[in-house]
Amino acid sequence: MEKQIVTPKRSLTTETEKLLNNQVGKEASSSSAYLSMASWCEKSGYANAAEFLYRHSDEERMHMLKLFRYINDAGGHALQPAIKDIRHEYKSLRDVFEQVLEHEIRVTESINNIVDHCFTIKDFATFQFLQWYVTEQREEETLARRALELFDIIGEDGVGLWTIDQELGKLESFVQDGGAEQA
Ligand code: FEO
């Protein structure tokens, strides 16, 4: 007979567990979407944009794992999500980065909803854990907006797209150096 494992008591509520697992799905979906975008950029000749997106795909997987481990550490059950509806084709390089910004805004809304929920039910441990995501989302939205600005500032005609691709490869250092704070 299979041995029964006694479920220890925990302070994580079922509702919070469900919201966190839902966020695991969003981070996994982000990782897959950025991987698909990286592939499109690479085969379209935008090597620096591709590298940027490959790195971001890895980062999103790290975001997913951080949540995954937290759920289990808090006594819940982290669930491997199914990834659906990944887009493989894009109209242009600009289209790719428009999707990145829209995607990040949706993720921020989702994080904010969970933070709000945790505060309301006084789950301050999860509330505190999620502050890392709050900061991260602000940085990622800044990065995506900055990427889109490049298209307007540089322009896409002539060598414009080539130059934009070069600049996309330097974007992370812009945010890390505090450029976003100063802009
Ligand atoms: Fe982890 Fe950019 O959402």
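Residues numbered from 1 in each chain as written. Predicted model: local features only at pLDDT ≥ 70, side-chain atom pairs only at ≥ 80, totals over all residues. Heavy atoms only, no water.

A.B. asks: Can you help me understand the nonpolar core in this one?
C.D. replies: For soluble globular proteins, nonpolar side chains are generally found buried alongside one another. Of all hydrophobic cores here, the largest spans 26 residues; its most connected members are Cys41, Leu53, Leu93, Val96, Phe97 and Leu168. Within the residue set of this core, elements represented by two or more residues are α1 (14–43), α2 (47–73), α3 (93–120), α4 (124–154) and α5 (160–168). Not counting residues up to four positions away in its chain, the partners in contact with Leu168 are Ala49, Phe52, Leu93, Phe97, Ala147 and Leu150. Core analysis: the next-biggest nonpolar cluster, separate from the first, contains 18 residues, Met64, Ala78, Ile114 and Phe129 among them. (Core = buried A, V, L, I, M, F, W, Y, C linked by side-chain atoms within 4.5 Å. Buried < 20%, exposed > 50% of the residue type's maximum accessible area, 1.4 Å probe, protein only. Helix = DSSP H or I, 4+ residues; strand = E, 2+ residues; numbered from the N terminus. Contact = heavy atoms within 4.5 Å.)

A.B. asks: Just to check I follow, could you spell out the layout of surface pockets for this structure?
C.D. replies: The volume enclosed by the largest pocket comes to roughly 330 Å³. For the largest pocket, the lining is made up of 13 residues, of which Ser29, Ala33, Asp85, His103 and Arg106 are closest to its centre. For the lining of the largest pocket, the secondary-structure elements that each account for two or more residues are α1 and α3. (1 Å grid on protein atoms, 1.4 Å probe; cavity = no way out; pocket = protein on both sides within 12 Å on 5 of 7 lines; lining within 4 Å. Points joined across faces, edges and corners; volume = space filled by probe spheres on them.)

A.B. asks: Help me understand the packing of aromatic side chains in this model?
C.D. replies: Aromatic ring pairs are defined here through the distance separating the ring centres and the angle between the ring planes. All told, the structure shown has eight aromatic pairs when counted by the stated rule. A centroid spacing of 5.8 Å and a plane angle of 45° characterise the contact between Phe52 and Phe97, whose relative ring orientation is tilted. Of this pair, Phe52 sits in helix α2 while Phe97 sits in helix α3; the two residues are 45 residues apart in sequence, bridging distant segments of the chain. Judged by its relative accessible area of 1%, Phe97 falls in the buried class. Where Phe119 meets Phe124, the ring centres are 6.0 Å apart and the plane angle is 70°; that geometry is what we call edge-to-face. With relative accessibility at 44%, the residue Phe124 sits in the partly exposed group. (Phe/Tyr/Trp six-rings, centres within 6.5 Å; stacked < 30°, edge-to-face > 60°.)

A.B. asks: So what exactly am I meant to see when it comes to the environment of Glu167 here?
C.D. replies: Residue placement: Glu167 occurs in helix α5. Taking C-alpha positions, Glu167 is 7.7 Å from Leu150, a pair spaced 17 residues apart along the chain. Filtering out sequence-adjacent residues up to four positions away, Glu167 remains in contact with Leu150 and Ile154.

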